[in-house]
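# Structural overview
The primary structure of each chain is shown beneath.
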Amino acid sequence: MIWVDTVLQGVLLGGLYALFALGLSLVFGIMRLVNLAHGDLIVLAAYLILMLVTLLGLGPFVAALIALPVMFAVGWVLQRLVLNRVLGPDILPPLLVTFGLSVVLQNALQEGFSADSRRIPAGWLETASVPVGPISLGVMPLLTFGSAILVTLALQFVFYRTALGRAFRATSDDPVTASLMGVKPASVFAMATGIAMVVVTIAALYLGTRANFDPTTGPARLIYAFEAVIIGGLGSLWGTLAGGIIIGVAQTVGAKINPEWQILAGHVAFLVVLLVRPRGLFPRAFD
Amino acid sequence: MSLLETRDLTGFYGDFQALFGVDITLSEGETVAVIGANGAGKTTLMRSISGVITQAPGMVRFDGREIGALPPDEIMALGIAVVPEGRKLFPSLSVEENLMMGCHRRKVAGPWSLDTVYGLFPILKERRHQPGTALSGGQQQMVSIGRALMSNPRVLLCDEISLGLAPVVIKDIYAAFPQIRETGASVVVVEQDVGQAMKVADRVYCMMEGRVTLSGRPSDLSREAIHDAYFGAAA
Ligand SMILES: Nc1ncnc2c1ncn2[C@@H]1O[C@H](COP(=O)(O)OP(=O)(O)O)[C@@H](O)[C@H]1O
Ligand SMILES: [Mg+2]
C-alpha cells in the first residue's frame, strides 16, 4: 500500500513537471526554438503572482488569473521584439539569446526581490487533503495534476481543432509556403510564445504555492521540463505529460528508497527511457 | 489596363542574377503560359510576384498598385494565390486542413469553397481526412490547386503542375482548367511542356536564361520560333 501511495504522489508531482514542460514543448514544436530562459520565466511569473497576492491581498488563484494576460503579453512582446530576430536556420543565436535572457532575468529578480526564498501563501489549501481509501492526497497536488491534464487538453484542442492551431502546424512544417497562404510567421510565433507564457503562469502558481522559490530556482525547473519534453517525444503534448509523470514517479520512488536519491532517480529514469527509446515515447512520424 | 504586370523585373540569389529585366502582363480573365527550359528563371519570376523574393516596389504591379516590396502574406491577401513548384503540401495537415489553409487569411465570398473544390476534384473528398502526403502525386497536385482556389483568387499562379506526373494524370488535372477559367480568375501557368501550355493559354511567354525571348498568341507562333526562343537560335 505504501508503494501505491508513493507512486500516486509521484504521478501528482509529475503534473507539476508537465506544467513546467508544456510551454517549452509547444514553442519547440512550432518554431524549433529551445528557450533556455523558460525556467526563469516560470520564476518571474511566480514573483508576479506573489506581488499581486502580497500587495493587493488577493488569493493566489485570482492573482494568477490576473497574471495570465500579463504574462501572455510578456511572451508576445519577447517573441516579436527579440526572438523573431534570431530565429533562422542556425540554432545557435536563439540559444545564446535565451541563455542571456536567463542571466538577465535572474539578476533582475535578485535586484528586485533579493535572494531570499519566498512562497506564495495559499492558506488552508496548503495542508488540505482528501482521503482516498487508506491513502490521503493533498488538494494542491490534485489541483496541480488536474490543471496539467486540462492544459494538455486545451493545447491539444487549439492545435488540432482551430484555425490558429492549423496555422501553427503549417508554419512549423514550412514557413515559406505558410506565408504564401497568408500566414505571417512572426505573428504566429508571437501567439505561440504568448500561449506558452500562459502555461508558464499556471506552472508558476503551483510551483510557488508548493515550495519555496528564489531568483535562481529557474534553471533546475528547466532541466525537469527538458527531460519531460524529450522523454515524451519532441513536439508531442500528451508525450510531454507522460514524460512529466515518469520523472515525478521516478523521483518519489527514488526518494522512498533513499531520500538522497530523489533528484538522481529522475535523471536516471530520463536516461533509461532515452536508451530504450532514443526518440522518446511518442515521436512525430516525420521531422 | 492589365491586372498584373512586371516592369523591368530583375532577380538575384546573392550575387547570381537569375532575371534580367522581365516584362510580362496579365489581363483580367486571361490565361498566360510561361514556358522555358529548366533554369530559365520561371520559378524566380513566380517567387518575385508572390513576394517570396522581395523586389523594388515598382517592379511588380497588381491592379494599379505597386506590390514588389510587399511580403507574401499581404500579396496573397490582395488576391494572388500560388500553386508552388513541387506542390508543397503541409505534411502535418490532412487533405481538408491543407485546403483550409488556402482561406486562412483571405476569406472572400466567391465561386470556390470546400464543396466546389470537392466538386472539381471528387477524389479529394474521399481522402479528406488522410494526410496530404499519403496521396499520389497527381492527387497532391489537386490539393495544391484546390488550396490556392480556396482563397477565391483574382490571379492564380501555377508553377509546373505537370512536373513528375504521368501524361494521363496531367490530362486529368488540366481538365479542371476550363472550370477554373469560367469563374473569371486570371491564370499564369508555368510549364516546360510546350504542347500543354499552348493548349490552355491565350498568350505565351517564352523565357531563356532570365529573359523573355518570345511572346504572342499560340496561333501566331511558329514551331521554329518557339524552338529558337526555348533552346537558343544557334542551338
Ligand atoms: N535558391 C536559389 N539559390 C541560388 N540560385 C538559384 C536558386 N533558385 C534558382 N536558382 C538559379 O536561378 C536560375 C533560375 O532558376 P529558376 O527560376 O528555378 O528556373 P526555372 O523555374 O525556370 O527552372 C537557375 O540558374 C537556378 O540555378
Ligand atoms: Mg521552376
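Under an unreviewed UniProt entry, the name given to chain B is High-affinity branched-chain amino acid transport ATP-binding protein LivF, and the source organism is Palleronia abyssalis. For the record of chain B, the UniProt heading Sequence similarities (unreviewed entry) holds the text "Belongs to the ABC transporter superfamily."

Under the annotation held in an unreviewed UniProt entry, chain A carries the name High-affinity branched-chain amino acid transport system permease protein LivH and is attributed to Palleronia abyssalis. Quoted verbatim from the Sequence similarities (unreviewed entry) field of UniProt, the annotation for chain A is "Belongs to the binding-protein-dependent transport system permease family. LivHM subfamily." Entered under Subcellular location (unreviewed entry) in the UniProt record, the comment concerning chain A runs "Cell membrane".

Protein-derived coordination of the magnesium ion (ligand 2) comes from Thr43(B) (OG1) and Glu85(B) (OE), at a distance range of 2.0 to 2.3 Å. Here Thr43(B) is found in helix H1 (residues 42-50), whereas its partner Glu85(B) is found in the loop between strand S6 (80-83) and helix H3 (95-101), with 42 residues between them in sequence.

A word on the pairing of strand S9 (residues 203-208) of chain B. Residue and element names in this part refer to chain B. Within S9, five of the six residues are buried, which leaves the element mostly enclosed by the surrounding structure. Pairing geometry for S9 and strand S10 (residues 211-216), over five bridges, is antiparallel. In the sheet register, Cys-206 faces S10, and the bridge partner there is Leu-214. Following S9, the chain reverses through two residues before pairing antiparallel with S10; Glu-209 in that reversal takes a positive phi of roughly 45°.

Residue and element names in this part refer to chain A. A surface patch of nonpolar side chains, about 940 Å² in accessible area, is lined by Ile-2, Trp-3, Ile-257, Trp-261, Leu-264, Val-268, Val-272, Leu-275 and Val-276. Secondary-structure elements contributing two or more residues to the nonpolar patch are helix H1 (2-31) and helix H11 (262-276). Ranked by the residues each element gives to the nonpolar patch, the list is headed by H11, at five residues. The topology assignment puts Trp-3 in helix H1. Among the residues examined, Trp-3 registers a relative accessible area of 44% and is labelled partly exposed.

Let us now look at the pattern of salt bridges. For the coordinates displayed, the defined rule picks out 12 salt bridges over all chains. For the salt bridge of Asp73(B) with Lys184(A), the shortest nitrogen-to-oxygen distance reads 2.9 Å. One end of the pair, Asp73(B), is in helix H2 (residues 72-78); the other, Lys184(A), is in the loop between helix H7 (175-180) and helix H8 (185-210), on a second chain. Here Asp73(B) falls in the buried class, since its relative accessible area comes to 3%. With relative accessibility at 29%, the residue Lys184(A) sits in the partly exposed group. Here Asp63(B) ties to Arg154(B) by a salt bridge, and the two come within 2.7 Å at their closest N and O atoms. One end of the pair, Asp63(B), is in the loop between strand S4 (60-62) and strand S5 (65-66); the other, Arg154(B), is in the loop between helix H6 (137-149) and strand S7 (155-159), and 91 residues separate them in sequence.

Before going further, it helps to spend a moment on the sheet that holds strand S1 (residues 4-13) of chain B. Residues and elements named next belong to chain B. Read across the open sheet, the four strands follow the order S2-S1-S4-S5; overall the sheet is antiparallel. If you trace the sheet from one side to the other, it starts and ends with strand S2 (16-26) and S5, each paired once. Examined bridge by bridge, S1 and S4 share three bridges and lie antiparallel to one another. Across the sheet, the residue bridging to Glu-5 is Arg-61, located in S4.

Before going further, it helps to spend a moment on the nonpolar core. Generally speaking, soluble globular proteins have nonpolar side chains that are buried together. By size, the foremost hydrophobic cluster in this structure holds 113 residues, and its most contacted members are Ile49(A), Leu4(B), Leu45(B), Ile49(B), Ile80(B) and Leu157(B). With 15 residues, the single largest contributor to this core is H1(A). Among all residues touching Leu4(B), those that are not within four sequence positions of it are Ile24(B), Thr25(B), Leu26(B), Ile49(B), Val60(B), Arg61(B), Phe62(B), Ile80(B), Val155(B) and Leu157(B). Residues Ala33(B), Leu156(B), Ile170(B) and Tyr174(B) belong to the second largest nonpolar core, which totals 44 residues.

Residue and element names in this part refer to chain A. Here the UniProt-annotated "transmembrane region" (unreviewed entry) positions come out as residues 12-34, 41-71, 91-109, 130-159, 186-207, 228-249 and 261-277. Secondary structure across residues 130-159 divides into 70% helix and 23% strand, with the first and last C-alpha atoms of the span separated by 34 Å. Strand forms 0% of residues 228-249 and helix 82%; the C-alpha atoms that close the span are 12 Å apart.

Residues and elements named next belong to chain A. Among the secondary structure elements, Phe-189 is positioned in helix H8. Here Phe-189 falls in the buried class, since its relative accessible area comes to 11%. Taking C-alpha positions, Phe-189 is 8.1 Å from Val-27, a pair spaced 162 residues apart along the chain.

Scoring rules and cut-offs
Residues numbered from 1 in each chain as written. Chains lettered and ligands numbered in written order. Predicted model: local features only at pLDDT ≥ 70, side-chain atom pairs only at ≥ 80, totals over all residues. Heavy atoms only, no water. UniProt positions renumbered as here; feature names shortened; annotations may be inferred. Donors = N, O, S within 2.8 Å, 3.2 Å for Na, K, Ca; no water. Helix = DSSP H or I, 4+ residues; strand = E, 2+ residues; numbered from the N terminus. Buried < 20%, exposed > 50% of the residue type's maximum accessible area, 1.4 Å probe, protein only. Pairing = 2+ DSSP bridges. Patch = residues over 30% accessible without salt bridge, like charges linked within 9 Å, V, L, I, M, F, W, Y side chains within 5 Å. Areas by Shrake-Rupley, 256 points an atom, 1.4 Å probe, with all protein chains shown as cover. Salt bridge = Lys/Arg side-chain N within 4 Å of Asp/Glu carboxyl O. Core = buried A, V, L, I, M, F, W, Y, C linked by side-chain atoms within 4.5 Å. Contact = heavy atoms within 4.5 Å.

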